[in-house]
Amino acid sequence: MAVLLTSGFPMTRKMLSLLVLVPALLLAGCGEVEDTRPGQPVKTRQEAFKDLLRSFEPMSKMMKEGRYDADEFARMSTDFMAKRNAPWSHFGSDTNYPPSKAKPEVWQDVAAFERAKQDFFASSDALNAAAQARDKTRGENLYFRVYDTCKSCHDSFRHR
Ligand code: HEC
């Protein structure tokens, strides 16, 4: 099956996979249960993750649509970097309750969760360096590496 972009460029497997990858990050859906605890830690971290996705997605959209713009990509990366710290401080010790989709492993295997987080920070540092250097090829490849760190943490630490 030949998949073409409207511009006529043949779509690479990588680009094609972007069509399905990013929506998959959203699969957790919305919590039907209201977070009634003081400070709403679960709701706050979920909102922070959604916000992170909202700034991550436009980068893939730009690549997918074959309209890479180095300055705009750099700006989006800066925006993403500004949001990547937000969720983590809301994983307090007694905060695994509905509507959370977090697995108990977040609190049971603290070291592994921390490693997953550090992988995510390291890969997004690298992505940002490539984005700021206006390096398209490295930027695109590193985008996928960051994506993998989101996905792999979700596989281990978030219910579907
Ligand atoms: C170190 C682990 C980890 C990494 C890395 C990670 N996440 Fe998550 N994410 C979680 C956990 C745990 C939850 C579930 C939070 C909850 O429901 O309490 C979650 C939830 C989400 C949600 C659902 C929020 C909701 O409303 O239920 C989205 C969207 C999301 N993450 C996007 C991302 C994106 C995009 C990335 C990478 C750019 C990412 N996450 C990286 C652990 C991670």
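Reading guide: rules and limits
- Every chain begins its residue count from 1, and numbering advances along the sequence as written.
- It should be noted that, the model being predicted, local features are given only for residues of pLDDT at least 70 and side-chain atom pairs only at 80 or more, the latter also being counted only at that level, while totals for whole chains, interfaces and linings use all residues.
- What counts as a helix is a DSSP run of H or I of at least four residues, what counts as a strand is a run of E of at least two, and both are numbered from the N terminus.
- Each residue receives a C-beta atom placed from its backbone. It is near a molecule or strand if this atom lies within 6 Å of it.
- Ten residues, namely Ala, Val, Leu, Ile, Met, Phe, Trp, Tyr, Cys and Pro, are considered nonpolar, four, namely Asp, Glu, Lys and Arg, are considered charged, and the remaining ones, Gly among them, are considered polar.
- Here the C-beta atoms are placed from the backbone, and a residue counts as buried if at least 20 other C-beta atoms lie within 10 Å of its own, exposed if 12 or fewer do, and partly exposed otherwise.
- In this description, any two residues whose backbone-derived C-beta atoms lie within 7 Å of each other are considered to be in contact.
- Buried Ala, Val, Leu, Ile, Met, Phe, Trp, Tyr and Cys residues form a nonpolar core when they are connected through C-beta atoms within 7 Å.
- On a scale of 0 to 100, pLDDT captures the predictor's confidence in every residue.
- Any helix carries an expected span of 1.5 Å times its number of residues minus one.
- Axis geometry follows a simple rule: fit a line to the C-alpha atoms, using only the stretch in contact for helices, then measure angles between N-to-C directions, giving values from 0 to 180 degrees.
- Here the angle decides the label: under 35 degrees means roughly parallel, over 145 means roughly antiparallel, 65 to 115 means roughly perpendicular, and every other value means oblique.
- By definition, turning the near helix anticlockwise from the far helix through less than a right angle yields a left-handed crossing, and turning it clockwise yields a right-handed one.

Per the secondary structure count, the chain includes six helices and zero strands. When the helices and strands of the chain are placed in sequence order, the string is α-α-α-α-α-α.

Within the structure, the ligand sits among 27 residues, and Phe49, Ser100, Phe120, Cys150 and Cys153 are positioned closest to it. Secondary-structure elements contributing two or more residues to the shell around the ligand are helix 2 (41-64), helix 5 (110-132) and helix 6 (136-157). Of the residues belonging to the shell around the ligand, the class tally is 18 nonpolar, four polar and five charged.

Note on placement: Thr149 falls in helix 6. When the 18 C-beta atoms within 10 Å are taken as the criterion, Thr149 is described as partly exposed. With 26 residues separating them in the primary sequence, Thr149 and Ser123 have C-alpha atoms 7.7 Å apart. In this structure, Thr149 is in contact with Asp119, Phe120 and Ser123, ignoring residues within four places of it in sequence.

In this structure, Met59, Leu127, Leu142, Tyr143 and Val146 are the most contacted members of the largest nonpolar core, which totals 13 residues. The set of elements that each furnish at least two residues to this core consists of helix 2, helix 3 (70-83), helix 5 and helix 6. A per-element tally of this core places helix 6 first, with five residues. The residues touching Val146, leaving out its near neighbours within four places in the chain, are Ser123, Ser124 and Leu127.

So, about unusual backbone geometry. Following Pro98, the chain continues into Pro99 via a peptide bond in cis, with omega recorded as 10 degrees. Within the secondary structure layout, Pro99 lies in the loop between helix 3 and helix 4 (105-108). Positive phi, normally seen in glycine, also occurs at Gln40, with a value near 40 degrees. Mapped onto the secondary structure, Gln40 falls in the loop between helix 1 (13-25) and helix 2. Residue Arg134 is not a glycine yet carries a positive backbone phi of 60 degrees. Its place among the elements puts Arg134 in the loop between helix 5 and helix 6. Given 14 C-beta atoms within a 10 Å radius, Arg134 is considered partly exposed.

So, on to the confidence of the model for the chain. For the chain, per-residue confidence averages 89 on the pLDDT scale, and residues scoring 70 or more make up 81% of the total. Below a pLDDT of 50 lies the segment residues 1-9, which in the model reaches eight contacts outside its immediate sequence neighbourhood of four places, other chains included.

The end-to-end C-alpha distance of helix 2 is 34 Å, a good match for the 34 Å that 24 residues give at a rise of 1.5 Å each. Taken as a whole, helix 2 has its buried residues at Val42, Arg45, Gln46, Phe49, Phe56, Met59 and Met63. Taken from the residues just after helix 2, Gly66 is the one with a positive phi, measuring 60 degrees.

As a further point, take the packing of helix 3 against helix 5. Close contact between helix 3 and helix 5 brings their axes to 8 Å; oriented N to C, the two are set at 150 degrees. One way to sum up the angle between helix 3 and helix 5 is to call them roughly antiparallel. With respect to the hand of their crossing, helix 3 and helix 5 are arranged in left-handed fashion. Residues Phe73, Ala74, Ser77 and Met81 of helix 3 pack against Ser124, Leu127, Asn128, Ala131 and Gln132 of helix 5. In terms of residue class, the contact of helix 3 with helix 5 is made up of five nonpolar, four polar and no charged.

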